[in-house]
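So the chains spell out like this:
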Amino acid sequence: HAAGLKLSFGSRTVFDALTWNEWNLDPDWLQPTVGFDLGEDDRDVLTDLAVLEPGGAERVVVAGWARSGAIGPSDSEFAVARLDSIGQLDATFGDLGRLSFPVNFDSSGRDEPRAVAVRPDGWIALAGFSGASENESAGVVALVPPDGVLAGVETATFRLGGHPTSFRDLALVGDRIFVAGRIW
């Protein structure tokens, strides 16, 4: 039985999940809107989600990018939010449930995660790219601490074989991170 919810970034609905058997939205969820409001044109994008159940309390982690416009019109940051068991932003994570941060592999300011996974201890792993475009980028893996405090975020960039690299999926097994993506 899957929980049902509707998530939006800015004014765009980007995810709908239905209850497994009834094919309708789960009425126990508050159908939240998650946005980062970094000052650009509400073009925040949700790219992936993960569910964790620490101590039996369901949490949903959503990840994507938030447009900030700080460097230019395509400037974006990695963005992650955590929702509690009824679909509200979890105020014990990051800045009232949300966290965004730049990677800035090059001066373009375009940072876009494509996948998220969560370890049982609450650490969040993100994989994506940073660069002017995917075919000019470095692959990125970011680790976000369970409390979402920016000072604890770790990032690493990769240009495999010296070529532009973009990660599109990841999986966690113990302390190992497996990534899949593309090398140009």
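In what follows, the accompanying structure is described. (Residues numbered from 1 in each chain as written. Predicted model: local features only at pLDDT ≥ 70, side-chain atom pairs only at ≥ 80, totals over all residues. Heavy atoms only, no water.)

Read across the sheet, 4 strands follow the order S3-S4-S5-S6 without closing on themselves; strand pairing throughout is antiparallel. The two strands at the open ends of the sheet, each matched to only one other strand, are strand S3 (45-52) and strand S6 (98-101). When the angles between neighbouring strand axes are averaged without regard to direction, this sheet yields 20°. Judged from the 7 bridges that link them, S3 and strand S4 (residues 59-67) form a sheet pairing that is antiparallel. Within S4, the residue paired with Val51 across the bridge is Val60. (Pairing = 2+ DSSP bridges. Helix = DSSP H or I, 4+ residues; strand = E, 2+ residues; numbered from the N terminus. Axes fitted to C-alpha atoms, helices over the stretch in contact; angles between N-to-C directions.)

On inspection of all chains with the given rule, the structure shows 6 salt bridges. Salt-bridge contacts for Arg110 lead to Glu112; the nearest nitrogen and oxygen are separated by 2.7 Å. For Arg110, a relative accessible area of 21% corresponds to the partly exposed category. Of the residues examined, Glu112 reaches a relative accessible area of 1% and is grouped as buried. Among the salt bridges present, the one from Arg119 reaches Asp175, with a minimum N-O distance of 3.1 Å. Of this pair, Arg119 sits in the loop between strand S7 (111-118) and strand S8 (124-130) while Asp175 sits in the loop between strand S11 (165-173) and strand S12 (176-183), and the two are 56 residues apart along the sequence. Judged by its relative accessible area of 70%, Asp175 falls in the exposed class. Each of Arg59, Arg82 and Asp90 takes part in one network of salt bridges that share partners. (Salt bridge = Lys/Arg side-chain N within 4 Å of Asp/Glu carboxyl O. Buried < 20%, exposed > 50% of the residue type's maximum accessible area, 1.4 Å probe, protein only.)

By the criterion of burial, strand S5 (residues 76-83) is predominantly enclosed, with 8 of the 8 residues buried. Relative to S5, S4 runs antiparallel, the two being bridged by 8 bridges. Residue pairing in the sheet places Arg67 in a bridge with Ser76 of S5.

Right, let's get into the sheet that holds strand S9 (residues 138-144). With antiparallel pairing, 4 strands are arranged side by side in an open sheet as S7-S8-S9-S10. The sheet is open, and its two edges are formed by S7 and strand S10 (154-158), each paired on a single side. Each strand axis lies, on average, 20° off the axis of its neighbour in the sheet, ignoring direction. In terms of strand pairing, S8 meets S9 through 7 bridges, oriented antiparallel. Bridged to Ala125 within S9 is Leu143.

So, on to the nonpolar core. Membership of the largest hydrophobic core comes to 18 residues, with the highest contact counts inside it found for Phe101, Ile124, Leu126 and Val144. The element contributing the most residues to this core is S9, with 3 residues. Setting aside chain neighbours within four positions, we find Phe101 in contact with Glu77, Phe78, Leu126, Ala142, Val144, Leu150, Val153 and Thr155. Grouped together as the second largest cluster of nonpolar side chains are 7 residues, Ala125, Val141, Phe167 and Leu170 included. (Core = buried A, V, L, I, M, F, W, Y, C linked by side-chain atoms within 4.5 Å. Contact = heavy atoms within 4.5 Å.)

The residue Arg82 is located in strand S5 in this model. Between the alpha carbons of Arg82 and Val61 there is a distance of 4.4 Å; along the sequence they are 21 residues apart. The residues contacting Arg82, other than those within four sequence positions of it, are Arg59, Val60, Val61, Gln88, Leu89, Asp90, Thr92, Phe93, Gly97 and Pro146. At a separation of 2.8 Å, a polar atom in the side chain of Arg82 contacts the main-chain carbonyl oxygen of Pro146. (Polar contact = N/O pair within 3.5 Å; in protein donor to acceptor, adjacent residues only side chain to side chain.)

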